[in-house]
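Geometric and topological summary
What follows is each chain in one-letter form.
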Amino acid sequence: MERLNNISRKDFLKNSALAMAGISLTPTMMSANAVSEDKFLSENGKLILKNVRLETGFEYEEDEVVSTKTDLFLVEIENGKISKIAPNNPKAKAVDAKGFLMLPAFRDMHIHLDKTFYGDKWQAVRKRKGGVKGMIALEEQIMPEILKNSTFKAEKMIELLQSKGTAFARSHVNIETTSKLDSLKNLQKALDHKKKSFGAEIVAFPQHGVFYKNSVPYLKEAAQMNIDFIGGVDPFSIDGAIEKTIDFTVQLALDHQKGIDIHLHETGESGLKTVEYLIDKVNENPLLKGKTFLSHCFVLGKLDKTKQEEIAEKLGNAQVGIVSTIPFGNLIMPLPTLQKHGVTVYTGNDSIVDHWNTFGTGSVLEKANLYAQLYGQSTEFLLSRSLRMATANLLPLDDKGIQQWPKIGDDADLVLLNASCSAEAVSRISNVESLIYKGNVVF
């Protein structure tokens, strides 16, 4: 392959035959123009980066981590994988990473890409009437209009996430009697359009209840399509039956080898019973361990500390994860308690400018920052651990400061940040400029 010099980034991406490796530039980086003058080197399907900053360990004073050690490296990407990590060579013909910190690309583990106002005309949330069932009635009215351009808006949402360093999302998608399978099909088109630069899991989500609006036939059909999880929402308050709804969800997941991810907003006795019943069903069906999640699960924030510890231990033993949007205000979720007991904890943006929520930035790094503030994670060590909320638990250094990422053979899904270490990246989100590299990317 010829060496490509003195060409624009756009022409490089358009004309080079990088096979399975490539580049995606976020809007923040393009406006900052931090690497726009660099020349790219492409040989034998390789992408070479120089002046890449990697974390190499912790520095201690009296057993306390006081800073994070970093150094500059030369990194090669080939066929979508990291193929070489070598001492830096500033004179190498390669993309100049300008000393930016390389981290795993971010992952948004709870979002609704299928229904949004983002990318369309501005609309704020209207006054809610009738609780969740009132919102269901509202959706029955507005979903036909939303569906008209939902593929386009989903693509715009994906671009927003990418601009914040995110290269993967778990998206819930409406499966109900109004949208039927149209919301799913429209989202799948958007994901197909973005598949070279963005990865996703799909949750078939009965937003209007499994039985309340009889989404059963559509869920059964969706389970046979290219989805990853069977979803659910508030079995007691929506469907009026915890056991019946959970039993259906569990069996459908087992029949089609899917995972489970259930929205649970209920904070009273019914919320706790739902958690405990789901734990029991997963223990009865070990195939679901590590594949079952409760999103939101606000009831955990309402329990006393003793009960929180008890339920956290049960969740950890059953390998049932929690996906929290990290709410703040009067409800503080016991996320550190869950993590202490080995519960997988993820986060996501949930809604971004839609009929449920006027807010949402698309940044999971901002969620990591909020997590650090809410739980007093202000030291160098704890800030560096807080990054896990943005990366779905993948960190450059383990708790002892031993480098565990990147390794040769790792997927080339990574982000370069204008920061000296991950602790700084978490604490100074407003000052971060990012550049995403992802195997199979064409921007």
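Rules and cut-offs
Residues numbered from 1 in each chain as written. Predicted model: local features only at pLDDT ≥ 70, side-chain atom pairs only at ≥ 80, totals over all residues. Heavy atoms only, no water. Helix = DSSP H or I, 4+ residues; strand = E, 2+ residues; numbered from the N terminus. Buried < 20%, exposed > 50% of the residue type's maximum accessible area, 1.4 Å probe, protein only. Contact = heavy atoms within 4.5 Å. pLDDT = per-residue confidence, 0-100. Polar contact = N/O pair within 3.5 Å; in protein donor to acceptor, adjacent residues only side chain to side chain. Axes fitted to C-alpha atoms, helices over the stretch in contact; angles between N-to-C directions. Parallel < 35°, antiparallel > 145°, perpendicular 65-115°, else oblique. Left-handed = near helix turned anticlockwise from the far one by under 90°. Nonpolar A, V, L, I, M, F, W, Y, C, P; charged D, E, K, R; others polar. Pairing = 2+ DSSP bridges. Salt bridge = Lys/Arg side-chain N within 4 Å of Asp/Glu carboxyl O. Patch = residues over 30% accessible without salt bridge, like charges linked within 9 Å, V, L, I, M, F, W, Y side chains within 5 Å. Areas by Shrake-Rupley, 256 points an atom, 1.4 Å probe, with all protein chains shown as cover. Lys, Arg positive; Asp, Glu negative; His and termini not counted. Charge placed at Lys NZ, Arg CZ, Asp CG, Glu CD. Core = buried A, V, L, I, M, F, W, Y, C linked by side-chain atoms within 4.5 Å. Expected span 1.5 Å × (residues − 1). Phe/Tyr/Trp six-rings, centres within 6.5 Å; stacked < 30°, edge-to-face > 60°. Lys NZ or Arg CZ within 6 Å of the ring centre and 35° of its normal.

This part takes up the overall build of the protein. Within the protein one finds 15 helices and 17 strands. Looking at the protein as a whole, 56% of its 443 residues qualify as buried. Counted over contacts in the protein with a minimum sequence separation of 6, partners at least 24 positions apart contribute 77%.

A few words now on the confidence of the model for the protein. Of the residues in the protein, 88% reach a pLDDT of 70 or more, and the chain-wide mean stands at 88. Within the model, pLDDT remains below 50 along residues 1-41, and this stretch shows 90 contacts once partners closer than five positions in the same chain are excluded.

Position of P406 relative to the elements: it lies in the loop between α14 (388-391) and β16 (414-417). Judged by relative accessible area, which is 3%, P406 ranks as buried. Between the C-alpha atoms of P406 and I85, which are 321 residues apart in sequence, the distance is 8.5 Å. P406 has contacts with L54, I82, I85 and M102, leaving out every residue within four places of it along the chain.

Glancing now at the side chain of T68. Relative to the helices and strands, T68 is located in strand β4 (residues 64-78). At 2.7 Å, the side chain of T68 forms a polar contact with the side chain of E380.

Turning to the packing of helix α4 (residues 150-163) against helix α5 (residues 182-193), a few remarks are in order. Between α4 and α5, the least distance of the axes is 8 Å, while the angle of their chain directions is 45 degrees. Classified by the angle their axes make, α4 and α5 are oblique. Crossing angle aside, the handedness with which α4 passes α5 is right-handed. Only N186, L187, K189, A190, L191 and H193 of α5 make contact with α4, whose side of the interface consists of S150, T151, A154, E155 and I158. Counted by class, the contact of α4 with α5 contains 5 nonpolar, 4 polar and 2 charged residues.

With that out of the way, let us pick up the pairing of strand β5 (residues 81-87). Here 6 bridges tie β4 to β5, and the two strands are oriented antiparallel to one another. Note on β5: the bridge partner recorded for E78 is K81.

We now examine the pattern of salt bridges. Pairing between side chains of opposite charge can happen when their charged atoms approach one another. A complete count under the given rule lists 20 salt bridges for this structure. Residue K156 is joined to E159 by a salt bridge in which the shortest nitrogen-to-oxygen separation is 3.5 Å. Linking K156 with E159, this pair stays in helix α4, spanning 3 residues, or about one helical turn. In this structure, K307 and E310 form a salt bridge, with 3.1 Å as the shortest nitrogen-oxygen distance. Linking K307 with E310, this pair stays in helix α10 (residues 305-318), spanning 3 residues, or about one helical turn.

Okay, unusual backbone geometry next. Of note, the amide linkage connecting W405 to P406 takes the cis form, showing an omega dihedral of 0 degrees. Of note, D63 is a non-glycine position whose phi angle comes to about 70 degrees, a positive value. The topology assignment puts D63 in the loop between β3 (46-61) and β4. At C297, a residue that is not glycine, the phi angle is positive and equals roughly 50 degrees. Here C297 lies in the loop between β13 (292-296) and α10. Here C297 falls in the buried class, since its relative accessible area comes to 0%.

This brings us to a negative patch on the surface. A grouping of E59, E61, E62, D63 and E64 is seen on the molecular surface, where their side chains present a negatively charged patch. The exposure class assigned to D63 is exposed, which follows from its relative accessible area of 77%.

Our next topic: the nonpolar core. If you look at the biggest cluster of nonpolar residues, it comprises 87 residues, and the most contacted ones within it are V275, L294, L300, L315, L338 and L417. Not counting chain neighbours up to four residues away, the residues in contact with L315 comprise V275, I279, L300, V320, I322, L338 and V343. Judged by nonpolar contacts, the second largest core, of 17 residues, contains I82, A97, L414 and L416.

Glancing now at helix α9 (residues 269-284). Residue pairs three or four apart in sequence face the same way in an α-helix, which turns once every 3.6 residues. Here α9 contains 16 residues, and its C-alpha end-to-end distance of 23 Å stays within 8% of the 22 Å for a straight helix at 1.5 Å per residue. Every buried residue belonging to α9 is among S270, G271, L272, T274, V275, Y277, L278, I279, K281 and V282, and all of these are buried. Of the surrounding secondary structure, the elements contacted by the buried residues of α9 are α7 (235-239), α8 (242-255), β12 (259-264), β13, α10 and β14 (320-323).

What follows deals with the packing of aromatic side chains. Applying the stated rule across the entire model yields 6 aromatic pairs. With 5.7 Å between their ring centres and 25 degrees between their planes, F293 and Y346 make a pair best called stacked. Here the residue F293 occupies a position in strand β13, and Y346 occupies one in strand β15 (residues 345-346), the gap between them amounting to 53 residues. Each of the two residues, F293 as well as Y346, counts as buried. Ring geometry for Y371 and Y375: centres 5.1 Å apart, planes at 50 degrees, overall tilted. Note that R170 overlies the ring of F229, its terminal NZ or CZ placed 4.1 Å from the centroid. The ring of F211 is capped by K244, whose NZ or CZ atom sits 4.3 Å from the centre of that ring.

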